[in-house]
Every structure is written in structure tokens, then in C-alpha cells.
Amino acid sequence: MSTRYRCNGCGNLTRFDVVATRRTRSFHHYTVGGELTIDDEELLIATVESVTCRWCGGAGSEVAEDAPAVNSAVPESAGEPA
Ligand SMILES: [Zn+2]
């Protein structure tokens, strides 16, 4: 899953700081020696808390979410799970 962002302040499409909380389930596979391999990570919930433009520092309503496959109209609160 990928979400694209667009800064309405400067037109930036490519550089953002994204603060998010992810809840995942994954298969932790240990060797007898205790070495861990993580497989099959499944994303259960991803909550984006804030997105800040790296170019102009715009945040909140300045940065719009482009998610054409799901929902193109995204309100200011970017906290909904994608
Ligand atoms: Zn910007």
C-alpha cells in the first residue's frame, strides 16, 4: 500500500516527513541459536499522525493526500486508516 501526498503550499510531490503509527502482525522465526528472521509482516492498522512538507514546512491542510484508488477527497484530518 502506498499513499501519495501533495503540498498545496509549494507543489512538492516527492519529499515529506510522515509520522505514523503502525500496528502489524508478523511471523518471528528464530533459529535454535536465537537469530531472528521476521517474515510475513501484515499491516493491521496504519495511522498517519502528521505529514510535513520538506520543502516549505507546510503541514496539516497544506498537505493533501492523493489516494486515487480509494478516496480522492481527504479532509484535513489525516488520521484515518488507509
Ligand atoms: Zn511545501
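Residues numbered from 1 in each chain as written. Predicted model: local features only at pLDDT ≥ 70, side-chain atom pairs only at ≥ 80, totals over all residues. Heavy atoms only, no water.

### What to know about the environment of S26
The condition that has to hold: Numbered from the N terminus, helices here are DSSP runs of H or I no shorter than four residues, and strands are runs of E no shorter than two. Relative accessibility decides the category of a residue: with a 1.4 Å probe and only protein chains considered, values under 20% of the type maximum give buried, values over 50% give exposed, and everything between is partly exposed. Contacts were defined at the residue level, with two residues in contact if any of their heavy atoms lie within 4.5 Å.
Inspection of the secondary structure puts S26 in strand β2 (residues 16-30). What makes S26 partly exposed here is its relative accessible area of 26%. Put simply, S26 and L43 are 17 residues apart on the chain and 8.6 Å apart in space, counted from C-alpha to C-alpha. Setting aside chain neighbours within four positions, we find S26 in contact with I38, D39, D40 and E41.

### A few points about the coordination of the zinc ion
Condition: Listed donors are limited to N, O and S atoms within 2.8 Å of the metal, widened to 3.2 Å for Na, K and Ca; water is not among them, so incomplete-looking sites are possible. Only two sets of limits are used to name each site, 85 to 135 degrees for every angle of a tetrahedral four-donor site, and over 155 degrees for opposite donors with all other angles from 65 to 115 for a square planar four-donor or octahedral six-donor site, with any other site named irregular.
Every protein donor of the zinc ion is accounted for by C7 (SG), C10 (SG), C53 (SG) and C56 (SG), and the metal-donor separations fall at 2.3 Å. Around the zinc ion, the four donor atoms sit at angles spanning 103 to 115 degrees, and that spread fits a shape best called tetrahedral. Counting the intervening residues between successive donors of the zinc ion yields the motif C-x2-C-x42-C-x2-C.

### Brief notes about unusual backbone geometry
With a phi angle near 50 degrees, D40 is a residue other than glycine that sits in the positive phi range. Along the chain, D40 turns up in strand β3 (residues 36-53).

### Focus: the environment of S2
Relative to the helices and strands, S2 resides in the segment before β1 (4-7). Given a relative accessible area of 68%, S2 falls into the exposed group. Through-space distance from the C-alpha of S2 to that of D66 is 9.8 Å; in sequence the pair is 64 residues apart.

### Quick look at the side chain of N12
Its location among the elements puts N12 in the loop between β1 and β2. A residue is classified by how much of its surface remains accessible, and N12, at 0% relative accessible area, is buried. If near-sequence neighbours (up to four positions away) are discounted, N12 is found in contact with Y5, R6, C7, C53, R54 and W55.

### What to know about the pairing of β2
Where we set the bar: At least two DSSP bridges between two strands are needed for those strands to be called paired.
Note that β2 and β3 share 14 bridges and pair antiparallel. Bridge pairing links V18 to V51 in β3. Here β2 hands over to β3 after five residues, with G34 in that stretch at a positive phi of 95 degrees.

### Some thoughts on the pattern of salt bridges
In plain terms, the rule: The salt bridge criterion pairs a side-chain nitrogen of Lys or Arg with a carboxyl oxygen of Asp or Glu, the two atoms within 4 Å.
Following the criterion strictly, the structure yields four salt bridges and no others. A salt bridge links D66 to R6; the shortest N-O distance between them is 2.7 Å. Of this pair, D66 sits in strand β4 (residues 63-66) while R6 is found in strand β1, placing the two residues 60 residues apart along the sequence. Of the residues examined, D66 reaches a relative accessible area of 25% and is grouped as partly exposed. A salt bridge links D17 to R54, with the nearest nitrogen and oxygen atoms 3.1 Å apart.

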